[in-house]
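# Geometric and topological summary
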Amino acid sequence: MDKFTVLTGVAAPLAIVNIDTDMLIPKQFLKTIKRTGLGKNLFDEMRYTQDGKEVADFVLNQPAWRQAKILVAGKNFGCGSSREHAPWALLDFGIRCVIAPSFADIFYNNCFKNGILPIALPQDQVDLLMDDARKGANAQMTIDLAAQTIKRPDGGTIAFDVDPFRKHCLLEGLDDIGLTLRKAAAIDGFEARLRQSMPWVG
Amino acid sequence: MAKPRTLFEKIWDAHLVDVQEDGTCLLYIDRHLVHEVTSPQAFEGLKVAGRKVRRPELVLAVADHNVPTTDRSKGIADPESRIQVETLEANCRDFGVPYFPMDDIRQGVVHIVGPEQGFTLPGATIVCGDSHTSTHGAFGALAFGIGTSEVEHVLATQTLVQKPAKAMLIRVDGALPAGVGAKDIVLAVVGRIGTAGGTGFVVEFAGEAIRALSMEGRMTVCNMTIEAGARAGLIAPDETTFAYLAGRPQAPKGATWEAAVSYWKTLKTDEGAHFDAEVVIDAASLVPMVTWGTSPEDVLPITASVPSPADFADENKRSAVERSLDYMGLTPGTPLREVKIDRVFIGSCTNGRIEDLRAAAALAKGRKVAAGVGAMVVPGSGLVKEQAEAEGLREIFLEAGFEWREPGCSMCLAMNADRLEPGERCASTSNRNFEGRQGRGGRTHLVGPEMAVAAAVTGRLADVRELLK
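These numbers come from a predicted model, not from an experiment.

Before going further, it helps to spend a moment on the overall build of chain B. Counting its regular elements, chain B contains 17 helices and 19 strands. On C-alpha atoms alone, chain B measures out to a radius of gyration of 21 Å, which is about the 23 Å that the 2.2 N^0.38 rule sets for 469 residues. Along the first, second and third principal axes, the C-alpha set of chain B runs to 55 × 55 × 45 Å. Buried positions account for 65% of the 469 residues belonging to chain B. In chain B, 76% of the contacts between residues at least 6 apart in sequence involve partners at least 24 apart. The distance from the centre of the 49 positive side-chain charges to the centre of the 61 negative ones in chain B is 1 Å.

Helix and strand counts for chain A come out as eight helices and seven strands. The principal-axis extents of the C-alpha atoms in chain A amount to approximately 60 × 45 × 25 Å. Residue burial in chain A is summarised as follows: out of 202 residues, 58% are buried. Long-range contacts, defined here as pairs at least 24 residues apart, represent 65% of the contacts in chain A between residues at least 6 apart. Just so you have it, chain A exposes about 8,000 Å², and 51% of that area is on carbon and sulfur atoms.

Turning next to the sheet that holds strand β5 (residues 140–144) of chain A. Each strand in a sheet pairs with its neighbour through backbone hydrogen bonds, running either in the same direction (parallel) or in the opposite one (antiparallel). All names here are of chain A. Taken together, seven strands build an open sheet; the order of strands is β4-β3-β2-β1-β5-β6-β7 and the sheet is mixed. Each edge of the open sheet carries a strand with a single partner, namely β4 (117–120) and β7 (157–159). Neighbour-to-neighbour, the strand axes of this sheet turn through a mean angle of 25°, independent of strand direction.

All names here are of chain B. What the five strands build is an open sheet, ordered β5-β4-β3-β6-β7; its pairing is parallel. Sheet topology places β5 (99–100) and β7 (142–145) at the edges, where each strand pairs with a single neighbour. As paired elements, strand β4 (residues 59–62) and β5 share two bridges and run parallel to each other. Within the sheet, the bridge partner assigned to V62 lies in β5 and is F100.

Right, let's talk about the packing of aromatic side chains for a bit. Going through the model one piece at a time under the given rule, you end up with 17 aromatic pairs over all chains. Residues F77(A) and F103(A) carry aromatic rings whose centres are separated by 6.1 Å and whose planes lie at 70° to one another, so their mutual orientation is edge-to-face. Remark: F103(A) occurs in the loop between β3 (97–100) and α4 (105–112) and F77(A) occurs in the loop between β2 (70–73) and α3 (85–93); sequence separation between them is 26 residues. F103(A) carries the same exposure label as F77(A), and that label is buried. When the ring of W292(B) is compared with that of F312(B), the centres are 6.3 Å apart and the planes differ by 45°; the resulting orientation is tilted. Of the two residues, W292(B) is situated in the loop between β13 (289–291) and β14 (299–301) and F312(B) in the loop between β14 and α11 (315–328); the sequence distance between them amounts to 20 residues. Taking relative accessible area as the criterion, W292(B) reaches 2% and is therefore assigned buried. We classify F312(B) as partly exposed; its relative accessible area is 22%.

What follows deals with the confidence of the model for chain B. For chain B, per-residue confidence averages 97 on the pLDDT scale, and 100% of positions sit at 70 or higher. What the predictor reports for the complex is a pTM of 0.97 with an ipTM of 0.96.

Together, D124(A), D127(A), D314(B) and E315(B) make up a region of like negative charge exposed at the surface. Mapped onto the fold, D124(A) is located in helix α5 (residues 123–134). Using a relative accessible area of 53% as the deciding quantity, one classes D124(A) as exposed.

With respect to the helices and strands, D311(B) occurs in the loop between β14 and α11. In this structure the C-alpha to C-alpha distance between D311(B) and P79(B), which are 232 residues apart in sequence, comes to 47 Å.

Once that is clear, we can look at α3(A). In terms of burial, α3(A) is a largely internal element, seven of the nine residues being buried. For α3(A), the complete set of buried residues consists of H85(A), A86(A), P87(A), W88(A), A89(A), L90(A) and F93(A).

Before going further, it helps to examine the packing of α3(A) against α4(A). The relative placement of two packed helices comes down to the angle between their axes together with the axis-to-axis distance. Residue and element names in this part refer to chain A. The interhelical angle for the contact between α3 and α4, taken along N-to-C directions, is 45°, at an axis separation of 9 Å. When the axes of α3 and α4 are compared, the pair comes out oblique. Both α3 and α4 take part in a crossing whose hand is right-handed. Residues A86, P87 and L90 of α3 form the contact with α4, whose participating residues are F107, N110 and C111. Its residues assigned to classes, the contact of α3 with α4 comprises five nonpolar, one polar and no charged.

How each quantity is defined
- Every chain is numbered independently, its residues counted from 1 as its sequence is written.
- Working convention: letters from A go to chains and numbers from 1 go to ligands, in the order in which they are written.
- The predicted nature of this model means local features are confined to residues of pLDDT at least 70 and side-chain atom pairs, given and counted, to a pLDDT of 80 or more, with totals for whole chains, interfaces and linings taken over all residues.
- The side-chain quantities take in all heavy atoms of the structure and omit both hydrogens and water.
- Helix and strand definitions here come from DSSP, where helices need a minimum of 4 consecutive H or I residues and strands a minimum of 2 consecutive E residues; each element is numbered from the N-terminal end.
- Atoms considered for the radius of gyration are the C-alpha atoms alone. The globule rule reads 2.2 Å times the number of residues to the power 0.38.
- Residue exposure (1.4 Å probe, protein chains only): buried if accessible area is under 20% of the type maximum, exposed if over 50%, otherwise partly exposed.
- Contact criterion: two residues are considered in contact whenever any of their non-hydrogen atoms come within 4.5 Å of each other.
- Neither His nor the chain ends is counted toward charge; the positive residues are Lys and Arg and the negative residues Asp and Glu.
- In this description, the location of a charge corresponds to atom NZ of lysine, CZ of arginine, CG of aspartate or CD of glutamate.
- The Shrake-Rupley method, run with a 1.4 Å probe, gives the accessible areas here. Residue values count only the displayed protein chains as cover.
- DSSP bridges decide pairing: two strands pair if at least two such bridges lie between them.
- Every angle, taken between N-to-C directions, lies between 0 and 180 degrees, and every axis is a line fitted to C-alpha atoms, over only the stretch in contact when it is a helix.
- What counts as a ring pair is set by centres within 6.5 Å for rings of Phe, Tyr and Trp (its six-membered ring), and what kind of pair is set by the plane angle: stacked under 30 degrees, edge-to-face over 60, tilted for all other angles.
- Within a predicted model, pLDDT stands for the predictor's per-residue confidence, ranging from 0 to 100.
- Residues form patches when they are more than 30% accessible in relative terms and have no salt bridge. Like charges link within 9 Å. Nonpolar side chains (Val, Leu, Ile, Met, Phe, Trp, Tyr) link within 5 Å.
- Take a side-chain nitrogen of Lys or Arg and a carboxyl oxygen of Asp or Glu: if they are within 4 Å of each other, that pair is a salt bridge.
- Angles are sorted into four bins: roughly parallel if under 35 degrees, roughly antiparallel if over 145, roughly perpendicular if 65 to 115, and oblique for all others.
- Crossing handedness: left-handed means the near helix sits turned counterclockwise from the far one by under a right angle, and right-handed means the same turn made clockwise.
- We call Asp, Glu, Lys and Arg charged. Ala, Val, Leu, Ile, Met, Phe, Trp, Tyr, Cys and Pro are nonpolar, and the rest, Gly among them, are polar.

What follows is the structure in structure tokens.
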């Protein structure tokens with residue numbers, strides 16, 4: 001997993017609530033057995049017409065936001081299916097940070113496993129950033145994970161919360177499985193006790 | 001005396017392998033269900049890192065999302081779907097994971113197969129790379145959906161890194177009126193608390209109306225808990241649970257069964273335990289429900305009319321409603337009972353069980369699917385299909401003009417060939433009415449199985465209670 005330290009870029013405004021993972025990446029693209037290559041189909045049904053042409057007024061098709069690295073969206077972002085294809089598609093497109101008033105649990109988790117930083121902020125702060133994002137290519141934001149700040153295009157900053165352990169893993173680009181395997185002795189011990197106390201578990 | 005604990009806390013505490021100083025927990029996972037869509041990258045990750053599956057005997061794999069529901073003797077026509085299923089087969093072979101192939105009678109939707117086999121047990125921690133894993137909470141198991149990276153983590157370590165959730169109690173008091181079922185309970189819950197109302201919570205369902213439900217009904221309720229954003233749904237195990245599990249192929253036997261049941265009987269929330277939120281619903285006030293929009297929270301009694309954006313105070317919700325109504329092709333003020341439908345889908349991990357099919361067949365018997373409506377029944381598993389056929393349900397459905405298919409996820413998410421055409425409107429017993437969920441441009445109205453039959457035979461969204469008179 002790539003480290004997440006400081007990210008500077010344009011933010012795409014997507015003022016829609018309850019953006020579900022079916023919208024992020026529709027089912028026909030879940031047939032892949034790879035993690036890569038999904039960026040071109042991110043938001044597929046909103047981004048392309050039935051015959052595959054770009055929908056001109058969709059934000060990611062507009063020149064100002066084609067290179068967006070940040071997404072600002074409505075509440076309950078990422079609800080629905082657990083498909084990790086959703087963060088894979090964001091990452092493959094080049095988006096490494098999503099800012100919204102709230103996130104669905106599974107999607108939120110999945111982001112951290114892929115070097116994407118989801119930032120939950122109060123609605124009024126998201127509204128400010130949404131206005132910034134609408135300004136387009138000349139309005140870059142800088143996300144500093146170590147400092148836990150978002151620097152707005154006008155120079156002002158907004159602070160955000162993040163779980164300390166997740167922050168650490170993201171800053172260092174740590175592999176979760178490797179970390180857990182360091183606790184193999186504790187897992188062995190737990191299993192031995194479980195075999196005694198609940199033999200039906202196996 | 002020990003601090004009173006919720007059912008969730010009891011299961012959580014029993015599975016803690018390690019707790020870090022910052023409160024991050026390592027949770028042991030007892031059961032891991034795997035399907036073809038969310039696992040290939042996880043197995044690939046293991047291969048690249050040279051890792052094994054730690055406890056393959058605690059894993060059960062089955063293909064469900066991509067499988068055709070028509071004749072399977074020639075395999076899967078779509079090359080991408082075929083490769084994904086073949087990849088699962090190869091991975092299970094390489095890693096020694098138990099697998100039910102497509103031609104095995106035990107094949108079906110993963111959340112129907114687990115309980116049916118007795119793989120799902122009370123008090124267990126159960127995960128699957130699928131959000132509807134919440135289904136298994138009906139047994140008093142802590143069951144939740146995970147992403148593919150976490151699937152890989154569980155395969156490699158049999159554990160998950162987790163933070164504790166908050167606890168919510170949803171109590172459904174009293175008895176359900178005739179024509180109102182488990183699906184209506186859970187749709188009403190999602191309507192009440194919203195699709196994000198349960199975010200960060202594990203929800204325990206209790207109350208007389210929940211106790212009175214069969215295991216199938218309880219699974220329907222827990223299945224859609226994720227639609228309220230909750231991490232998991234839970235129902236304390238009781239005699240109904242034990243009776244369902246007794247004798248299932250993978251359920252414990254003999255003295256082990258006795259020991260398990262006596263432990264399972266302790267799995268209930270203690271008197272005085274703390275819930276962070278509580279919701280009370282009066283079962284007697286419930287009526288058959290139907291969704292009108294593109295989020296499961298967009299739900300109303302069948303007796304209501306299509307809402308207007310102006311009915312919503314919140315500006316964000318108002319624009320979402322405008323978008324929904326436009327997508328759904330609905331005009332504010334139209335009575336829901338006047339909305340004509342083109343298709344009907346009965347099946348899925350929400351309503352593809354034998355009891356659902358019995359209820360649907362009882363209503364379909366002696367009636368005919370309306371002209372111009374395409375209706376299909378997709379049993380949740382090969383065993384459900386076999387049971388339904390033994391009971392004569394297949395004939396009833398065929399006689400009424402429904403198609404009778406092979407088991408799989410089918411038109412719940414349209415990854416196989418079963419899908420809506422743009423603009424087609426469907427009464428569906430599945431769980432999500434998102435834009436494009438059942439096919440690009442398709443319009444989904446979520447209902448229970450009897451309401452789906454009512455829609456099929458009238459050609460419009462209909463109040464099942466009128467047919468029951």
